[in-house]
Amino acid sequence: MAAPFLEEPLYSFWKNQGAGEDTAETPGMRMDIEKHRMKYRAFRLGYAASEKSNEAQGVEIDPAESLPIDAPLFQHLSDTKRTEIIKYRADYRKYRLGYATGAKGEVADIFKKHMNSEEEYKGVETILERTVSSGSGADDDEALARTFSEPAQTWRPRLPSGLVSGLSGIFSEALCQEVDETAKTMYFTQPKSVLPDPGASYFQVPQLEDGTLQLDAELLMAHTPLPKAASEFSSIHVVQTSGVAAKITAAQIRNSAARIGKKCVTHDWPELAKDAKAEFDALYALGSDLILKGANRATLLVFVGAGEPGEMALAVILAMLPFRGIQLAYVTPAEEYENPLDTLTSPSGVFEYTATQPERMGRASLAAVFGPLESTSFKKPLSEWKPLRPDVHPEEKPAPFKIGGLDLPMVTYEGAYSDGVERLADLLVRHYGSDIYPVVSVGETGDALGYGDDLLGALASRDCPGFYFPHASGETCKSPEAYGKAELLEAIGAAKRARKTVLVIAVGGGVNGNATGMIAAMAGAAFIEVPTTLMHYNDATTSAKKAFSLVVNGQILSKNILGTFYLPQLVFCISETLLTLSKCSVHAAVGEACKTMGMLGIANSKAGQRDWHNILGAVEFASDFTKVIETVGGFEELIRFLHSTRELKAEALAFGEELSGMRMERASYGQMANVAKLREARLRKLRQVFRSQLSSEAREAVIQFLTVINTEIIAAKAMFLAYSDPFEKYRALLFEYAHTLGHGVEAFMNGLYRRATACGLDYSEAFRLHGQCVGMAVLWAGEMSKEQGLLDGDGFLAHQALLYTFNRFGGYDFAPLRRLCDQLDVSKEEFCEGVLQVVRRDNKRGYCKCREDSSVDQLVRDRPGCLLRSDDPDAELRYLVEVTEDSQRDVLERAFDGEFDKVAVLKGPALQLVPRENFCEESDQMQTASALRGLIASLY
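None of these values were measured; they are calculated from a predicted model.

Some words on the pattern of salt bridges
Right, so step 1: Counting across every chain of the model gives 51 salt bridges.
Right, so step 2: Salt-bridge contacts for Arg687 lead to Glu680; the nearest nitrogen and oxygen are separated by 3.4 Å.
Right, so step 3: Glu680 gets classed as partly exposed once you look at its relative accessible area, which sits at 24%.
Right, so step 4: For the salt bridge of Arg889 with Glu833, the shortest nitrogen-to-oxygen distance reads 3.4 Å.

See the structure below:
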């Protein structure tokens, strides 16, 4: 129950109300108590010692200067008043934990409101900050300083150091400062693993003479474990196989669900031959049907089988797809146990699922089995995680990363491209043996540049031939139809039958990595990622999520909704492939990096430790993420390099496209080899420009930029995923910062790009990738925080300048998008409404309560790295807050008018945000970055 006066500090009624029932409680006594309380605070800060501790040390005390610390504070109060205070304090603790309705997470403002003056508040705050920074009394001081920071999750009273144990119970219970020992431990604790061991239970149910199992919906829901954070199953979806007994059982479940008012939908599983393509199509057709017919994360999926071999494997793989896994109850009349934790293989032999496989991180969809045998349970530990850990190499730079307590080897090869390809091939053969069957999956651009073909050729030269799988690229091609090709599945099946070790390798960008990971997960194959873009390397690979989107007739109905969790065993990036990035791609990576800097700030500072006290094991990866700012010089040099070599890249791509056509026409090897040599000559010349024609300073600056942005963004993801939230459902949802409006403008502009194509308009200047849209939305989020009074002065300047420092080339300007809108007669009102329509379907809305005229978002307050917190526990767990649609519309309208097209510059000693038209091209952004870094440090 919420306290009635949660907006007031614990002792405020002494100041605001008259004398209580006890006549001894006079205003003079209240003043005496306040003096005593302030002296106790001084003692906690180390500026005063207790009377008894002084006596023990032989120190004389002047009674005129201080009251005895060891005297119980409440000795003058009546029992009634003590009880009232203790109850009030319990309610206040609820407020600090965020469970009371009055909680706002802004304790500093509450205390500030009740201080006698602004000077008194500032004085106390200064003492706290000075004491914490000096290190005196660190254990106690840091906890006390949280009073002026954010509330911690778990608070408990304890005896302060320096006090003797003979204190009264009232004193220790009612006044001891609450120290967040649990939270402090969370930040510094590094557990070995946080992943669960998979398990499942088998429940016996009656079986009639005809083989029919007697089941009803209530029994199924009672024995199947609920999904995490759900209080009940929202609906039941029954998949029935073709047998008569299965249909009768499914009908029993459907009828019993109707009697209790539970929604129940029936789906038919088709009769299949032992054909991998048919299995693949059936799985995704049914997975899509589940979603389209209303299944959600709290749905119970019931698969009523006939007990045929391979049936359980198909049921488990089906259950892992919607929303990356829903709870499965498998019903089987089989007369022998089938252990669901053993390796389950589909009838075709291509698809398999092993719940103990560490790549799946202990996440098993099958929750319960129902059949005629005696009840039992299955439990197995996760198998040992044995990724490909490269030996030390002078040309390689590792990027430490963990997820769920498992280390994921990530390395950048910084030598020559051809040497990097040979090194990777050697690593793969040495680790997996020569009896491997590599499947190299690559998108259109990577195929045209030869990145996939080069790796497969290097493996073939080591007597490890494999399968080359080039495919269409782009978000609309991130679908099962684009990747589940018969020839690919047949090749994997043939390799398995030959007892080869199937090795699925994704070469290219993030879409390819995500979708190819799905093929590896379904086949239970070893998975390797070879990113050739920054976003693939530091964003896509640093997540276990692999997924397809739900795409119908080229229209994305829902992104990344059919998927699973599956880890690669190695991420290997050859840095010279990043020399063929597009300028948009580099800006996109920086946009996401600015999001990270804005939300995390200096996470390894004293203040950062308080900001992220509730992130388990954060200390291992916490860093000063703002150091990315000082690589702006390398960023600008890379953009200039990409611009100067654009013709060489275009020629290489043209030869690559010619090769692709020749491959389709089955041209001779000699003809294709000649064209491949021409392509390689262009790429070799492009790399030579970087090595020889760039100055050594420019080259080193580019290398530093690439190294720092990858290292820091990877560490930022690991800070949350290593132990705290490996499945990205709670604290790690913070990485959605600036994505609400970012996704909205990205989706709306993609629609305009299609319209422009139909009208024959060139929209290349207006083209924005996902990360660029997120970058623009970082600015809009800062403006919304400012309008709400959450972010102003130097804090606002620092937050906005993060992105503006990188905006020399206009990669985050809205003006080109505005010109495209004008060409297509799209008004400001149509643009804003189109973006907000996407926002209204944002998937974060389901995490917390939200009014119809509002949305959920994440906002920074005070300075970078300090998030606004909600009084809704479900929202606070994800750093979500409610924002009005009017505030979102306001920043969109201002963006449309070009108000945010600015650049951060240093003018004299002052950091300023100047409009694009006033920006001087001679400005030294390295000086700007240095000033900005110093400004942010001063805010900590």
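Okay, back to it.
Looking at the sheet that holds strand β3 (residues 199-204)
Right, so step 1: Here seven strands make up an open sheet; going across it, the order is β5-β4-β6-β7-β10-β3-β11 and the pairing mixed. A strand with exactly one partner marks an edge of an open sheet, and here the two such strands are β5 (264-268) and β11 (376-379). Strand-to-strand, the axes of this sheet are offset by a mean angle of 20°, without reference to chain direction.
Right, so step 2: Set on the sheet, helix α11 (residues 244-259) makes contact with β4 (235-240), β5, β6 (299-304) and β7 (327-331); between it and β4 the angle comes to about 165°.
Right, so step 3: Running over the sheet, helix α12 (residues 276-292) touches β4, β5 and β6 and is turned about 160° from β5.

Looking at the packing of helix α23 (residues 632-644) against helix α34 (residues 925-939)
Right, so step 1: Across the interface, α23 lies against α34 with an axial gap of 8 Å and an inter-helix angle of 150°. Crossing geometry of α23 relative to α34 is assigned as right-handed. Counting all contacts with α23, which are made through Val632, Gly633 and Glu636, the residues of α34 involved are Gln925, Met926 and Ala929.
Right, so step 2: Tallied by class, the residues present in the contact of α23 with α34 amount to three nonpolar, two polar and one charged.

A look at the side chain of Thr241
Right, so step 1: With respect to the element layout, Thr241 can be found in the loop between β4 and α11.
Right, so step 2: A polar contact is formed between the side chain of Thr241 and the backbone oxygen of Val304, at a distance of 3.0 Å.
Right, so step 3: Residue contacts for Thr241: discarding those within four places in its chain leaves Ala246, Lys247, Trp269, Phe303, Val304, Gly305, Ala306 and Glu311.

Re the nonpolar core
Right, so step 1: Among the nonpolar cores identified, the biggest contains 130 residues, and Trp612, Phe720, Trp780 and Phe831 are the most heavily contacted of them.
Right, so step 2: Residue contributions to this core peak at 14 residues, all from helix α26 (residues 696-721).
Right, so step 3: If sequence neighbours within four positions are ignored, Trp780 has contacts with Leu741, Val745, Phe814, Val891, Leu892, Ala895 and Phe900.
Right, so step 4: In terms of nonpolar packing, the next biggest core, distinct from the first, is built from 68 residues, Ile317, Leu328, Ala523 and Leu550 among them.

Rules used in this analysis
Residues numbered from 1 in each chain as written. Predicted model: local features only at pLDDT ≥ 70, side-chain atom pairs only at ≥ 80, totals over all residues. Heavy atoms only, no water. Salt bridge = Lys/Arg side-chain N within 4 Å of Asp/Glu carboxyl O. Buried < 20%, exposed > 50% of the residue type's maximum accessible area, 1.4 Å probe, protein only. Pairing = 2+ DSSP bridges. Helix = DSSP H or I, 4+ residues; strand = E, 2+ residues; numbered from the N terminus. Axes fitted to C-alpha atoms, helices over the stretch in contact; angles between N-to-C directions. Contact = heavy atoms within 4.5 Å. Left-handed = near helix turned anticlockwise from the far one by under 90°. Nonpolar A, V, L, I, M, F, W, Y, C, P; charged D, E, K, R; others polar. Polar contact = N/O pair within 3.5 Å; in protein donor to acceptor, adjacent residues only side chain to side chain. Core = buried A, V, L, I, M, F, W, Y, C linked by side-chain atoms within 4.5 Å.

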